[in-house]
Amino acid sequence: MHMADALISPAVGGVMWAATAGIMVHCSRTLRDGFDSLQVPLMGVLAAFVFAAQMINFTIPATGSSGHLGGGLILAVLLGPHAAFLAIASVLTVQALFFADGGLLALGCNIFNLGVFPCFIAYPFIYRKIVGDSPTRGRIVAGSIVAAVAGLQLGAFGVVMETVASGISELPFSTFVLLMQPIHLAIGIVEGLVTAAVVGFVASARPEVLALAEGGKAPSGLSLTKVLAGLAVAAVLTGGMLSWFASAYPDGLEWSMAGVSGKEELEAPEHGIHESLASLQERTAFLPDYGFKAPEHEAEAAGQAEAEPAWPAVEAGTSVSGLVGGGLTLLLAGMLGMLLKRRAKSA
Amino acid sequence: MSHHIVEVRDLQYAYPDGTRALSGISFRIHHGESVALVGANGAGKSTLLQHLNGCLAPAAGEVRIGDCPLSPGTLAEVRRTVGMVFQDPDDQLFMPTVEDDVAFGPLNLGLPPLEVAKRVCAALDTVGCAHLATRPPYRLSGGEKRAVAIATVLAMSPSILVLDEPSSNLDPRARRQFINLLRSFTHTKIIATHDLDMVLDLCERTIVLHSGTVLADGPTLDIFTDDALLEQGRLERPLSMQGALDRAHVHEHRHGDGTAHKHLHAHGQDGAPIHDHGPHDHEHPDHEHGPHGHEH
Amino acid sequence: MGSIENSLHQIGVLDRLAAQDTALHRLDPRAKLLATLGFIVAVVSFGRYEISGLLPLTLYPMALVAAGNLPANWLLRKLAIASPFAIMVGLFNPLLDTAPLVHIGGLGISGGWISFTSILLRFALTVSAALALIGTTGFNTVCMALGRLGAPRVFVVQLLFLYRYLFVLAEEGLRMVRARNLRSFSGRGRGITVYGSMLGQLLLRTMDRAQRIHQAMLCRGFDGQIRVAQPLKPGLADAAFALGWLGFFALARSINLAQLLGRIATGALG
């Protein structure tokens, strides 16, 4: 699912655009330096392929519904991470402009969610590790499914975070997560199967195509540390700036805090992450300087008409909690990285 | 003008999977000639064409354009001189608008913007597509795409035009316009095609390829009346030479000044002569015919 | 995304609208791009309960639609088609935020409904602005503008190639789907294996096409650098357009113009 402009705040939009733009510039520079002139038409035409492929459906047995290709993973397999990122970015741009799939401000979020996670995390650290140098049928299927699921779960989680952090929607974090993650688990499995089907077909019909893509496209310069560092910077920026700009009214994160601490059985697919997040929420809820709740309740009780929110709410307390939240997110990213590394080692 | 000569000597080429595509092709084409390259599918026509401007490199043998042997160093110069028009114009029109596509070549040659603009105008005018300059290529008709594809090549001022199946997928009108357009060019033309009737209209010389070798190389009309040869090359007579124009044959007319030309001559069912065909239109004085008034 | 024909048709419609010739179409694309981006940021920066403050901003998309000769009901239809996600997520607001915020007469309207309305308004505004941008400028020109404004060249070229070839590839895909439909019965033949080989074939053909295009580019002297011919020269009108609208957005953001107007009107009457 895509973020929409209707649900985004300028802070979230701005930060995500900054992150995305930075990555796009990095990818453009990387491609320019190692330049193979075939890439110019190849990237464009493959993006058009993904665009067209997304419009072709197939029926999912036993459900009667239809599915289609997302494309991030297969582009990464065919083009390597940097080119694939730009290709996916271009597809999303066209979709945003012509089909109003997500908005122009939210485009930064969408490119990040649907580009960074498949191309820079799922592909190099999951798919490549599983498939390695021997693209047998079994490995392709396994690699595709795990990579696709991981990529989409992260992407869906990104949407949740961005929506909740924007504070326009009242949808509480817990509900949203419960909605998004399972759906995208299913979508991820489908995407993985489709990717495996296509890659498998190409591998048997014309293996040199895959060799062409993978030759020299090893994720060099894409060390786990660099990726995490980038994510960490984004997280800290987001945490700090968002709390600076957060609206005076309780955002969705606070709504879910009450809910989360009361609930017991939140079955999230990635257990470890969910626990850290739950603790994050609890901690920020109880920080004494997180000063939104009190004034807000008073305003509501007074029943004022159209109280214009004090925007931006610049309070030392909120940015402190924001930074704390950012630090916790960093910790989270570190845990994620370690999880992936462990999984990669054992593969 | 030696730089207009296209010469191929004992060209050999094999596909990556090992199948032989070209086994010893040799020919020599002079300035201003219009040569057709015909043959069955898989005979090697496209492969041969791709050797003429360096898209493919031969396994053995040599290609010379003008006096330059084709080599990585001379590639840039050769590509200026040899303009290639591809089979699928969509592969050739890849820029956002028609004028961007036509300007692509000159810009890559490093020409200044003013010169580029002049060339774009001239090329589009030549093919009659000046009104399409700002159109995006996906909104062109088949015939328009072909014409613009030619313009993209013309803008580089080549001396040799190589065309691969140029008349396929054109409606009759577009095809006729296209043939007339090509006829107006004085460039050396090498045309790979299945459209044998177009060959009759355009090319006075034909090379027949079969299984990677040259089966025949000579005047078009000679080849198209040699039924045994056509059979061997998995071809047949041009449609306009079949059916009612059965037993069409070649006439050689000797002129008073010592020159001669050949043309096609035939009778309809009623014995009346049917119009002649020849690669160059020119006037004939009406001559007398009796039912057997001429040599066979 | 709907059927292939439908999607192709939609892109085609926008493309044709963009090819019109009005004063608005002739403006420098950078001005229009910057104005639209400023508009979206302005809309999105309002607080979640804001409705009346947003209303004056409807002036921008309406002006574009009018001056750009864009059909209004086409725009409304596109808004309707694209709205489900925003509506679905937005509907949670009235469900969760039930404390009344506004009283009209004796009726209390909950904050949730107000923020829901705000969401719908934002959606309408931002989507129409984006569509109007393409409808009055054209995708290729917008890409050129992005390049001039500093977007990386590799990405701009990527966008241009994608747009150029998505028609070609979508039609190929369409032919495959039609062929499949003609030979599949009662749901059989549409499963994932068939899909996989369809996409696989399309992919191989696409790779071949990329090679051919590359050859064509090399034959015309391509060395890796895409060069552009016409420079865009901004004029006074373009600057006036951009600065004027951006100024208006800033004004509308800082003063609630609707309320102001309302007060003036009621003050004048009362």
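This structure is a prediction, so every number in the text was calculated from the model and none was measured. (Residues numbered from 1 in each chain as written. Chains lettered and ligands numbered in written order. Predicted model: local features only at pLDDT ≥ 70, side-chain atom pairs only at ≥ 80, totals over all residues.)

Attention shifts here to the overall build of chain C. Looking only at helices and strands, one finds 13 helices and 2 strands in chain C. Taken over the C-alpha trace, chain C has a radius of gyration of 24 Å; the compact-globule value for 270 residues is 18 Å, which it surpasses by more than 25%. Taken across its 270 residues, chain C has 45% of its residues classed as buried. Counted over contacts in chain C with a minimum sequence separation of 6, partners at least 24 positions apart contribute 73%. (Helix = DSSP H or I, 4+ residues; strand = E, 2+ residues; numbered from the N terminus. Rg over C-alpha atoms; globule rule 2.2 N^0.38 Å. Buried ≥ 20, exposed ≤ 12 C-beta atoms within 10 Å, placed from the backbone. Contact = placed C-beta atoms within 7 Å.)

As a further point, take unusual backbone geometry. All names here are of chain B. Residues other than glycine seldom take positive phi values, yet Asn-169 does so here, at roughly 60°. You will see that Ser-211, though not glycine, has its phi angle at about 50°, which is positive. Along the polypeptide, Ser-211 turns up in the loop between strand 9 (205-210) and strand 10 (213-219).

Opposite the 77 residues of chain A that make contact, chain C presents 78 residues. Contributions of two or more residues to the side of chain A that touches chain C are made by helix 1 (10-33), helix 2 (39-53), strand 1 (58-59), helix 4 (81-99) and helix 7 (173-205) of chain A. Top element by residues in the side of chain A that touches chain C is helix 2 of chain A. It accounts for 13 residues. In the side of chain A that touches chain C, the residues fall into 56 nonpolar, 14 polar and 7 charged. (Nonpolar A, V, L, I, M, F, W, Y, C, P; charged D, E, K, R; others polar.)

Residue and element names in this part refer to chain B. In spatial order, the strands read 6-7-8-3-9-10; together these 6 strands make up an open sheet with mixed pairing. Pairing within the sheet leaves two strands with one partner each, and these edge strands are strand 6 (82-85) and strand 10. Averaged over all adjacent pairs, the angle separating strand axes in this sheet is 15°, with direction ignored. Bridging between strand 7 (residues 160-164) and strand 8 (residues 188-192) involves 5 bridges; their strand directions are parallel. The partner of Leu-161 across the bridge, within strand 8, is Lys-189. (Pairing = 2+ DSSP bridges. Axes fitted to C-alpha atoms, helices over the stretch in contact; angles between N-to-C directions.)

Counting all residues, the mean pLDDT for chain C is 83, and 95% of those residues have values of 70 or more. Reported confidences for the modelled complex are a pTM of 0.76 and an ipTM of 0.86. (pLDDT = per-residue confidence, 0-100.)

So, about the interface of chain B and chain C. The interface of chain B with chain C comprises 25 residues on the first partner and 18 residues on the second. The set of elements that each furnish at least two residues to the side of chain B that touches chain C consists of helix 2 (75-81), helix 3 (89-92), helix 4 (98-108) and helix 5 (113-126) of chain B. At 6 residues, the largest contribution of residues to the side of chain B that touches chain C is made by helix 4 of chain B. Considering only residue class, the side of chain B that touches chain C consists of 16 nonpolar, 5 polar and 4 charged.

Residues and elements named next belong to chain C. Looking at chain C, the domain boundaries give domain 1 (1-151 + 235-270) and domain 2 (152-234). Relative to domain 2, the C-alpha centre of domain 1 lies at a distance of 32 Å. Among the secondary structure elements, those contributing two or more residues to the side of domain 1 that touches domain 2 are helix 1 (4-18), helix 3 (29-44), helix 9 (139-148) and helix 12 (236-254). For the side of domain 1 that touches domain 2, the element with the highest residue contribution is helix 9, accounting for 7 residues. (Domains from an automatic or database assignment.)

Further remarks concern helix 10 (residues 153-182) of chain C. For helix 10 of chain C, with 30 residues, the first-to-last C-alpha span of 43 Å sits near the 44 Å given by 1.5 Å per residue. Its maximal kink placed at C:Leu166, helix 10 of chain C deviates by approximately 40°. (Expected span 1.5 Å × (residues − 1). Bend = angle between axes of the 7 residues up to and from the residue.)

Bringing the environment of A:Val77 into the picture now. In this structure, A:Val77 sits in helix 3 (residues 72-79). When the C-alpha atoms of A:Val77 and A:Asp133 are compared, they prove to be 13 Å apart, with 56 residues separating the residues in sequence.

Moving on, we come to the nonpolar core. Among the nonpolar cores identified, the biggest contains 254 residues, and A:Leu46, A:Ala87, B:Ala151 and C:Leu162 are the most heavily contacted of them. With 17 residues, the top contributor of residues to this core is helix 5 (residues 107-131) of chain A. Both domain 1 (1-151 + 235-270) and domain 2 (152-234) of chain C contribute no fewer than three residues apiece to this core. Each residue touching A:Ala87, except ones within four places of it in the same chain, is listed here: A:Met43, A:Leu46, A:Ala47, A:Leu75, A:Leu79 and C:Gln158. (Core = buried A, V, L, I, M, F, W, Y, C linked by C-beta atoms within 7 Å.)

Looking now at the packing of helix 3 of chain A against helix 5 of chain A. All names here are of chain A. The N-to-C vectors of helix 3 and helix 5 enclose an angle of 60°; their axes lie 9 Å apart at closest approach. Considering the angle they form, helix 3 stands oblique to helix 5. Our pair here, helix 3 against helix 5, has a crossing hand that is right-handed. Between helix 3, through Gly-72, Leu-73, Ala-76 and Val-77, and helix 5, the contact on the second element is made entirely by Leu-114, Gly-115, Pro-118, Cys-119, Ala-122, Tyr-123 and Tyr-127. Grouping the amino acids of the contact of helix 3 with helix 5 by side-chain chemistry returns 9 nonpolar, 2 polar and no charged. (Parallel < 35°, antiparallel > 145°, perpendicular 65-115°, else oblique. Left-handed = near helix turned anticlockwise from the far one by under 90°.)

Take the sheet that holds strand 5 (residues 68-69) of chain B next. Strand order in this open sheet of 4 strands is 2-1-4-5 (chain B), and the pairing throughout is antiparallel. The open sheet has two edge strands, strand 2 (20-29) and strand 5 of chain B, and neither has a second partner.

With that settled, consider the packing of helix 3 of chain C against helix 9 of chain C. Residues and elements named next belong to chain C. It is the contact of helix 3 with helix 9, at a shortest axis distance of 9 Å, that shows an interaxial angle of 85°. By the angle between their axes, helix 3 is roughly perpendicular relative to helix 9. Contacts from Pro-29, Arg-30 and Leu-33 in helix 3 reach Thr-141, Val-142, Met-144, Ala-145 and Arg-148 in helix 9. Here the contact of helix 3 with helix 9 is built from residues that sort into 5 nonpolar, 1 polar and 2 charged.

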